[in-house]
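Remarks on the overall topology
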Amino acid sequence: FSSFFFNDTATTEIYTLSLHDALPISDLDVYRWKKATGGKAGPDAVSPEQVRSVADQVINLLSTTVSASEEIFWPFLLETVLSPHYNGAFAVVCKTIAVVVRRRRERALPLAIHFDAPGSRIPKPQALLARFLVLLNVPFGRNHLGVSLLNAMEEVGEVLHPALGQYWAQELPAMRERLEHASRSWSAEDWEHHVVELFGGSVRAVGDNDWVKLVGDYLSAHLQDNALYINDPPLRAIIQKFIGVLLQQGMSREFVRYKLDAMLDSVNLKSSVEIAGCAAAYGLTSSKHIDTVLEKLSDIVTAEIQARPVKRSGGFFASISSTLTGAGGGAGASAGAGGARGG
């Protein structure tokens, strides 16, 4: 994370401790502390959960009351978005991004980012889009993740791509309304459907195949990055569905086949959720590239029959066959078992 400092040493130290050390404290850290102490530490002990809560408040206070924080947080806070270190603090990160960008816009300060500047550690806009949309499938994560994430997306959309700014300004308020007034009748499957639709609408709004292909590349990379979505089959499944939606956007046969191969190589064949997600992605892709999908399935069957030393498909072929025959090749966005979680 880039190094910048406030005018006084005390504020700088508080900022550094809060952002780098306390904010990333995970739920697993909290659980381990409670297990080790039995939840009955000494009267002067401070739990990780308390430290994390204070850090949340400090970052919020700095971003809303200290003018110098704008130069600290923007755009450098975006460096934390793809860091597994901040998975548990993503809602706070998003809330801070939204506040800082809104304040800069109100003061007519520049927001543009030179993503390709030498030495820049700011993730590319396609990587940020991929990360935002994937985590939107955990709307009730800690600190109201979904609402905070939607607020951040609405503020930074135009920074990622002008078309995203316009499209998200139209679509995100209604999704935020759904979260703020969620009831007992809430449907995770329905929410996932809306998120997948939002992803599809986003790539169509951009309308630039070269730009969109990079989104696909980052989604594939995120599947390979075990630390980013470790032990999280539902989110890995939604990534696969996103790739299926992306492959519907008039991509070349070579690119489609490459992505189908990459998905199969990355799927955990011991996870029924991931298998269902991959099958749904193949089904989505088949709506535009049925010949390429059938060719890939033929390769899988041939490899099974000949017992080649390749990754065996297990229940995958049965899942994809069911998806294709049951949905006529146009698998629904919510197909599969990988529904969005409730936090």
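What counts, and at which threshold
One numbering rule holds for all chains: residues counted from 1, following each sequence as written. Local features in a predicted model are, by the rule used here, given only for residues with pLDDT of at least 70; side-chain atom pairs are given and counted only at 80 or more, and totals for whole chains, interfaces and linings are based on all residues. The basis for the side-chain values is all heavy atoms of the structure; hydrogens and waters are excluded. Put simply, DSSP marks the helices as runs of H or I at least four residues long and the strands as runs of E at least two long, and each gets a number from the N terminus on. Exposure classes here rest on a 1.4 Å probe applied to the protein chains alone. A residue is buried below 20% of its type maximum, exposed above 50%, and partly exposed in between. The contact criterion used throughout is that any non-hydrogen atoms of two residues lie within 4.5 Å. With residues, only the protein chains shown are counted as cover, and all accessible areas are computed by Shrake-Rupley using a 1.4 Å probe. To obtain an axis, a line is fitted to C-alpha atoms, over the contacting stretch when the element is a helix, and the angle between two such axes runs from 0 to 180 degrees between their N-to-C directions. Every angle not falling under 35 degrees, over 145, or within 65 to 115 is termed oblique; those three ranges are roughly parallel, roughly antiparallel and roughly perpendicular. Geometry of aromatic contacts follows a simple scheme: Phe, Tyr and Trp rings, the Trp one being its six-membered ring, pair when their centres are within 6.5 Å, and the pair is stacked under 30 degrees between planes, edge-to-face over 60, tilted otherwise. Residue-level confidence of the predictor is what pLDDT reports, using numbers from 0 through 100.

1. Brief notes about the overall build of the protein
From N to C terminus, the protein includes 14 helices and 0 strands. Each of the 343 residues in the protein was classed as buried or not, and the buried ones make up 50%. Of all intrachain contacts in the protein linking residues separated by at least 6 positions in sequence, the fraction that spans at least 24 positions is 72%. Counting only carbon and sulfur atoms, one obtains 53% of the accessible surface of the protein, whose full area is about 15,800 Å².

2. A closer look at the packing of helix 8 (residues 162-180) against helix 9 (residues 188-206)
It is the contact of helix 8 with helix 9, at a shortest axis distance of 9 Å, that shows an interaxial angle of 170 degrees. Our classification of the angle between helix 8 and helix 9 gives roughly antiparallel. Two secondary-structure elements touch here, helix 8 through Ala 163, Leu 164, Tyr 167, Trp 168, Glu 171, Leu 172, Met 175, Arg 178 and Leu 179 and helix 9 through Asp 190, Trp 191, His 194, Val 195, Glu 197, Leu 198, Gly 201, Ser 202, Ala 205 and Val 206.

3. Comments concerning the packing of aromatic side chains
In total, this model carries 4 aromatic pairs according to the counting rule given. With a centroid separation of 4.9 Å and 70 degrees between ring planes, the pair formed by Phe 140 and Trp 186 is classed as edge-to-face. Here Trp 186 lies in the loop between helix 8 and helix 9 and Phe 140 lies in the loop between helix 6 (125-135) and helix 7 (145-160), a separation of 46 residues in the sequence. Judged by relative accessible area, which is 32%, Phe 140 ranks as partly exposed. What makes Trp 186 partly exposed here is its relative accessible area of 24%. Ring geometry for Phe 199 against Phe 242: centres 4.4 Å apart, planes inclined by 10 degrees, an arrangement best described as stacked. Highlighted residues: Phe 199 in helix 9 and Phe 242 in helix 11 (residues 233-246), separated in sequence by 43 residues. The exposure class assigned to Phe 199 is buried, which follows from its relative accessible area of 0%.

4. Examining the confidence of the model for the protein
Across the protein, pLDDT averages 79, with 67% of residues at or above 70. Taken element by element, the protein is modelled with least confidence in helix 1 (residues 9-22), mean pLDDT 46, and with most confidence in helix 6, mean pLDDT 97. The low-confidence segment residues 1-19, where pLDDT is below 50, has 41 contacts with residues more than four positions distant or belonging to other chains. Within the model, pLDDT remains below 50 along residues 327-343, and this stretch shows 48 contacts once partners closer than five positions in the same chain are excluded.

5. What to know about unusual backbone geometry
At Ala 108, a position not held by glycine, the phi torsion is positive, near 55 degrees. Looking at the secondary structure, you find Ala 108 in the loop between helix 5 (90-106) and helix 6. For Ala 108, a relative accessible area of 67% translates into the label exposed.

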